[in-house]
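Coordinates in review
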Amino acid sequence: MTSYALFGALEQGFAYGLMVIGVYLTFRVLDFPDLTVDGSLPLGASVSAVAITAGYSPFLAVLMATGAGFIAGMVTGILNTKFKILHLLASILTMIALYSINLRIMGRPNMALLGQDTVVDWFNNLTGLLPQYSTPLLFCIISIIVILILIWFLHTEKGFAFLATGDNKQMITSQGINTDNVIIFGVGLSNALVATSGALVAQNQGAADVNMGVGTIVAGLASVIIGETVFGDKTISRALIAALLGSVLYRIAIALALGLKLGAFSITPSDLNLITATLVVFALIMPKMKKKFLAGRSA
Amino acid sequence: MKKILLTMAALLLLTAPSFAGDHYTVSVTQIVEHPALDAIRNGVIDRLKEKGIDATFNVHIAQGNSATNVQIISQIKGEEPDLVLAIATPGAQAAAQKIKDRPIVFTGVTDPVSAGLVKDLKNSGNGNVTGMSDFSPMDKHVALIKEIVPSVKTIGVIYNAGEPNSVVLVNALTEQATLVGLGVEEATVANSSGVYQAAKSLVGRCDVVYIPTDNTVISAVESAVKVCSQNKLPLIVADVDSVARGAIAAVAVDYYRMGLQTGDMAAKILADGVKAGDMPVEFLNDLKLHVNKKAAAAMGVTLPEDIIARADKVIE
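Residues numbered from 1 in each chain as written. Chains lettered and ligands numbered in written order. Predicted model: local features only at pLDDT ≥ 70, side-chain atom pairs only at ≥ 80, totals over all residues. Heavy atoms only, no water.

Going by an unreviewed UniProt entry, chain B carries the name ABC transporter substrate-binding protein and comes from Pseudodesulfovibrio sediminis.

In the annotation of an unreviewed UniProt entry, the entry for chain A reads ABC transporter permease, and the organism field reads Pseudodesulfovibrio sediminis. As its UniProt record puts it under Subcellular location (unreviewed entry), chain A is described as follows: "Cell membrane". (UniProt positions renumbered as here; feature names shortened; annotations may be inferred.)

Here you go:
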């Protein structure tokens with residue numbers, strides 16, 4: 001792997017890091033499999049692209065995307081809690097609705113940001129580093145700031161209720177806390193992070209596209225699982241950092257797959273998905289294999 | 001012996017620079033594997049070979065994934081190619097955003113200006129990007145529709161509103177149809193399983209169905225063929241492959257020929273040292289006409305003799 005490919009993987013890993021943290025919050029903490037993300041990622045991209053094209057600052061554009069994502073997640077939460085629609089179905093409904101909404105927001109399926117000022121350009125000028133180093137650094141810093149805020153939040157009283165909702169709904173209800181509100185807020189928070197990620201991704205790749213959300217949940221879940229397998233999830237702080245690093249490892253796996261050359265053994269670019277899946281499976285089973293191997297030796 | 005070796009070494013050293021100058025690396029980014037896009041790629045590769053340009057091609061395909069599409073650009077930067085070939089809009093946009101120091105040739109992009117790739121089609125010398133548009137010649141498509149169905153008043157069109165290219169094409173269709181006094185009825189789909197329903201919704205609302213070069217709809221063109229045959233509604237398409245699959249006719253861009261022409265542009269940059277930013281965006285005017293007699297009969301249309309006579313391919 002070249003250094004460009006490595007830093008490219010870091011860049012993508014951190015850019016999608018907030019998305020992965022969002023998926024972690026719903027999937028692991030709230031026990032809520034949320035497919036809204038396939039729609040809220042392009043939602044964040046669309047909102048930020050329209051805001052930038054309309055002349056707003058790229059930072060404000062990111063914040064507007066965060067807000068839009070929060071609302072989208074709340075809709076899924078409300079459909080689930082207030083209207084008793086199964087969480088998976090509720091999130092699918094929001095996701096497909098967002099497809100049309102994103103088309104409405106942009107007025108077209110693809111909005112170019114080439115040549116527009118973005119947060120990536122701003123940070124690049126600020127640091128004076130080469131873009132391939134400054135961009136992953138920027139996304140890393142943003143992810144760390146968000147993780148710190150989340151760690152603080154999850155140690156407040158509200159945060160405890162949030163953490164406990166997925167574990168033991170009855171206990172929380174007996175404490176006089178309305179779990180519906182916690183779920184609505186939690187799915188909102190998760191999608192706010194996903195949309196923020198979408199806004200950053202769009203500003204980085206030079207375009208928002210209505211189809212850019214395809215496969216977001218798959219990447220998110222794979223990253224979460226890789227992260228917790230490799231880095232552990234004993235405490236919430238550790239789990240959040242593991243999710244972020246899982247996102248980076250997932251992208252490194254893809255970079256490896258992209259650069260794979262096996263000479264005569266004919267692997268073609270069309271095998272990318274298969275290779276990626278295989279690499280992820282390896283990442284998943286390696287720690288277990290190691291455990292088994294060590295257990296076998298000590299016996 | 002030593003002398004011979006020395007002479008050989010000296011000769012090698014002398015000839016080495018010209019050897020080094022003759023070999024090029026071309027990195028290819030392509031969003032998805034697709035017959036039309038693959039044909040373009042093969043066209044470029046074949047044309048460079050024909051021209052005697054010795055090039056290694058590193059082909060990357062994102063399998064439709066937006067994140068991988070961007071990651072491929074980092075991969076390409078590491079390959080330090082002499083030229084980046086970007087097939088279809090998403091790859092071209094990511095390449096243009098991230099790579100400023102080497103020439104990028106895009107191809108298979110319908111509207112390079114609204115995609116932000118070039119400021120205008122003349123591409124007045126600012127930047128490292130040039131390429132080819134596969135914009136369908138809509139005037140020729142509408143003319144073909146009128147020739148095959150002279151009584152046409154309204155054209156029904158099926159497309160995916162989520163495909164950037166399709167939206168541009170349908171706007172162009174509407175513009176061209178209005179110009180010749182025809183109406184347009186739209187039916188949109190979100191995925192290929194919606195094509196059957198969309199085609200049915202057009203029955204009674206139009207006199208002919210037209211399908212642009214829309215990836216989603218074309219992948220399920222058989223559904224439209226079925227509905228149109230059952231309802232004696234002529235189906236005319238924008239790609240020749242769909243004619244063999246049951247549409248009546250298409251006058252279309254030949255993607256392989258498009259690749260050849262893109263290959264010419266790449267050769268100019270590689271071998272002749274022309275700056276990409278100095279080259280205007282090119283279009284393909286070399287079109288193919290395919291007709292399907294059986295499909296025409298099934299949809300209640302008799303193909304005019306002169307269309308059959310001038311067709312590149314007639315399916316009986």
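Let us now look at the sheet that holds strand β7 (residues 183–189) of chain B. Residue and element names in this part refer to chain B. Taken together, 7 strands build an open sheet; the order of strands is β7-β6-β8-β9-β10-β12-β13 and the sheet is mixed. With one partner strand each, in any of the chains shown, β7 and β13 (313–315) form the two edges of the open sheet. Adjacent strand axes in the sheet meet at a mean angle of 20° when their direction is disregarded. Two elements, strand β6 (residues 154–160) and β7, share 7 bridges in a ladder whose sense is parallel. For Tyr-159, the partnering residue across the bridge sits in β7 and is Thr-188. Along the sheet face, helix α6 (residues 164–179) touches β6, β7 and β8 (208–211) and points at about 170° away from the line of β6. Running at roughly 150° to strand β9 (residues 235–237), helix α9 (residues 221–230) makes contact with β6, β8 and β9 of the sheet. (Pairing = 2+ DSSP bridges. Helix = DSSP H or I, 4+ residues; strand = E, 2+ residues; numbered from the N terminus. Axes fitted to C-alpha atoms, helices over the stretch in contact; angles between N-to-C directions. Contact = heavy atoms within 4.5 Å.)

For the rest of this paragraph, the subject is the pairing of strand β12 (residues 287–292) of chain B. All names here are of chain B. Buried residues dominate β12, accounting for 6 of its 6 residues. Neither face of β12 is open: one carries Leu-287, Leu-289 and Val-291, the other Lys-288, His-290 and Asn-292, and all of them are buried. Here strand β10 (residues 249–253) pairs with β12 via 5 bridges, running antiparallel. Bridging from a neighbouring strand, Ala-252 pairs with Lys-288 of β12. Bridge count between β12 and β13: 3 bridges; the pairing is parallel. Opposite Val-291, over in β13, you have Val-314 as the bridge partner. (Buried < 20%, exposed > 50% of the residue type's maximum accessible area, 1.4 Å probe, protein only.)

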